[in-house]
Amino acid sequence: MRRPLALWAAVLAVCLLAYPASAARTYEGEEAAALRCANMLALTAVVLAGADLIGDQEKEIMLGVTVLILERHVSGTWRQKKAALEIVRDRRSFPDTLEDYRRNAARCLAQFPIN
């Protein structure tokens, strides 16, 4: 049975907020690229929804895709993934991340399939 995307988004939020970022590990190559894609999708979803450019359902779908990318393409615990996402987030400005989305979202989804 498939879980609704809203549940996946809730799981991501709980997992990423529930633990301190002290369990950091270094990601390289494909996993680092998957983390950057996940960060790009999550941040874009929140920003677009906050500006009323997409609805809650679209935001939940994008967050669900983020969870699936992390689940299927990044190894480690949720604590390690959270710490890595925080590092990616802190290294990129909002405008740079949104520009990444504009240029790379389709490539990201092709490189890190969720089906």
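Higher on the page you've got the structure.
Remember, predicted model here, so these are calculated numbers, not experimental data.

Basis of the calculations
- Residues numbered from 1 in each chain as written.
- Predicted model: local features only at pLDDT ≥ 70, side-chain atom pairs only at ≥ 80, totals over all residues.
- Heavy atoms only, no water.
- Phe/Tyr/Trp six-rings, centres within 6.5 Å; stacked < 30°, edge-to-face > 60°.
- Lys NZ or Arg CZ within 6 Å of the ring centre and 35° of its normal.
- Axes fitted to C-alpha atoms, helices over the stretch in contact; angles between N-to-C directions.
- Helix = DSSP H or I, 4+ residues; strand = E, 2+ residues; numbered from the N terminus.
- Parallel < 35°, antiparallel > 145°, perpendicular 65-115°, else oblique.
- Left-handed = near helix turned anticlockwise from the far one by under 90°.
- Contact = heavy atoms within 4.5 Å.
- Nonpolar A, V, L, I, M, F, W, Y, C, P; charged D, E, K, R; others polar.
- Expected span 1.5 Å × (residues − 1).
- Buried < 20%, exposed > 50% of the residue type's maximum accessible area, 1.4 Å probe, protein only.

A. Here's a closer look at the packing of aromatic side chains. Evaluated as defined, the whole model comprises zero aromatic pairs. Of note, Lys 81 hangs over the ring of Trp 78, and the distance from its end group to the ring centre comes to 4.7 Å.

B. How the structure looks around the packing of helix H2 (residues 29-50) against helix H3 (residues 56-73). Running from N to C, H2 and H3 point in directions that differ by 165°, and their axes come no closer than 9 Å. Taken together, the axes of H2 and H3 are roughly antiparallel relative to one another. Every pair of crossing elements has a handedness; the one defined by H2 and H3 is left-handed. From H2, Glu 31, Ala 34, Leu 35, Ala 38, Leu 41, Ala 42, Thr 44, Ala 45, Val 46 and Ala 49 reach across to H3, where they touch Lys 59, Met 62, Leu 63, Val 65, Thr 66, Ile 69, Leu 70 and His 73. Of the residues assigned to the contact of H2 with H3, the class counts are 13 nonpolar, three polar and two charged.

C. Geometry of H3. Taking 1.5 Å per residue as the helical rise, H3 with its 18 residues ought to reach 26 Å, and the 25 Å between its terminal C-alpha atoms agrees with that figure. Within the span of H3, buried status applies to Met 62, Leu 63, Gly 64, Val 65, Thr 66, Val 67, Leu 68, Ile 69 and Leu 70.

D. Highlighting unusual backbone geometry. Of note in the backbone geometry, Asp 52 takes a positive phi value of approximately 55° without being a glycine. Inspection of the secondary structure puts Asp 52 in the loop between H2 and H3.

These figures come from the coordinates and say nothing about function on their own.
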